[in-house]
Amino acid sequence: MEYTDKEFCLEVWGDRACFTRPELKVERVSYDVITPSAARAIFEAIFWKPAIRWEIVKIEVLNPIKWDEVRRNEVGALASPGAKVYIEEKRQQRNAIILRDVRYRIHARMVYIPVDKRDDRLQKHAAGKDENPMKYYEMFRRRAANGQCFTQPYLGTREFTAFFELVDDSRTDLTPAADIDRDLGIMLYDMDFGHPAKNGSIPAIFFRARLEHGVMHVPEFNSKQLLR
């Protein structure tokens, strides 16, 4: 059957956000802008099925980039079965440099995956030959328009809740992107789940990010612009 990948747009906002730079191991420091992987997670929180995958196309920054610095207590140990962890002994104070008052307009493409091209682990979820990708488009549109989600979307870390609204194609009252031109440097694109390392770890993919008049264009998954 013939089909086309459908593009959707969400306006996403929240009081605080932290899209942690992976090169900083101890103190949490956020990227200036939401990463494509964090944006993808918001769409997946609203709707995901084995027959689809989300690809972020572009991100519009609607609010000026503002920062906050917070200090909080964290536990510097992992709990394991049968082991006792005394919080008072393992408590650590750590700083975090986070974003505040963020608002983005995120454009993402829902890519339909034909049955014969799905991961072997997902073949048991394969539908019949009459499967229609349009049903997935309509399911997402209905859920997003009604504010429904399978899990609460968040802005980088689960403590920072993300609120969202579906942006309809017919709207003419959209707030323009902030007039920001900035080289954002090397940014996390996503994790390469299809090519795990021999030790079982999932390698990261990066790209050179840039804001042009408040808009960050995101390369396609197979683009040569990605740094693997």
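Our subject is the structure that appears above.
Parameters and conventions
Residues numbered from 1 in each chain as written. Predicted model: local features only at pLDDT ≥ 70, side-chain atom pairs only at ≥ 80, totals over all residues. Heavy atoms only, no water. Helix = DSSP H or I, 4+ residues; strand = E, 2+ residues; numbered from the N terminus. Buried < 20%, exposed > 50% of the residue type's maximum accessible area, 1.4 Å probe, protein only. Lys, Arg positive; Asp, Glu negative; His and termini not counted. Salt bridge = Lys/Arg side-chain N within 4 Å of Asp/Glu carboxyl O. Contact = heavy atoms within 4.5 Å. 1 Å grid on protein atoms, 1.4 Å probe; cavity = no way out; pocket = protein on both sides within 12 Å on 5 of 7 lines; lining within 4 Å. Points joined across faces, edges and corners; volume = space filled by probe spheres on them. Nonpolar A, V, L, I, M, F, W, Y, C, P; charged D, E, K, R; others polar. Phe/Tyr/Trp six-rings, centres within 6.5 Å; stacked < 30°, edge-to-face > 60°. Lys NZ or Arg CZ within 6 Å of the ring centre and 35° of its normal.

### What to know about the side chain of R143
Mapped onto the elements of the fold, R143 is located in helix 3 (residues 134-145). No salt bridge is formed by the buried R143; its nearest oppositely charged neighbour, E138, is found at 13 Å. Beyond its immediate chain neighbours, meaning those up to four positions away, R143 contacts I46, F47, Q148, C149 and F150.

### Observations concerning helix 1 (residues 36-46)
Extensive coverage of helix 1 is indicated by the burial of nine of its eleven residues. Buried within helix 1 we find P36, S37, A38, A39, R40, I42, F43, A45 and I46.

### Here's the deal with empty space enclosed by the protein
Applying the stated criterion to the full structure yields three cavities of 30 Å³ or more. Forming the boundary of the largest cavity are D32, V61, N63, P64, I65, K66, L99, R100, D101, V102, R103 and Y104. Broken down by element, the lining of the largest cavity gets its largest block of residues, six residues, from strand 5 (residues 91-112). Partitioning the lining of the largest cavity into residue classes produces six nonpolar, one polar and five charged. The computed volume of the second largest cavity comes to approximately 40 Å³. Around the second largest cavity, the lining residues are K6, E7, F8, C9, R141, L166, V167, D168 and D169. If one sorts the elements of the lining of the second largest cavity by residue count, strand 1 (residues 6-17) sits on top with four residues. Per-class residue counts for the lining of the second largest cavity are four nonpolar, no polar and five charged.

### A closer look at the packing of aromatic side chains
Per the counting criterion, the structure on display carries eleven aromatic pairs. On the basis of an interplanar angle of 20° and a centroid distance of 5.8 Å, the ring pair of F43 and F140 is categorised as stacked. Residue F43 is found in helix 1, and its partner F140 is found in helix 3; the two are separated by 97 residues along the sequence. Taking relative accessible area as the criterion, F43 reaches 0% and is therefore assigned buried. Classification of F140 by relative accessible area gives buried; the value is 0%. When the centroid spacing of 5.9 Å and the interplanar angle of 80° are considered together, the rings of Y189 and F207 count as edge-to-face. Taken together, the residues Y189 in strand 9 (residues 182-191) and F207 in strand 10 (residues 204-211) connect sequence positions 18 residues apart. In this pair, the class of Y189 matches that of F207, namely buried. The lysine or arginine in question, R143, covers the ring of F150, its NZ or CZ lying 3.9 Å from the ring centre. Sitting over the face of the ring of F221, R228 holds its NZ or CZ atom 4.9 Å from the ring centroid.

### Quick look at the environment of F43
For F43 and E55, which are twelve residues apart along the polypeptide, the C-alpha to C-alpha distance reads 9.6 Å. Ignoring sequence-local partners within four residues, the contact set of F43 consists of F8, L10, W54, I56, I106, A108 and F140.

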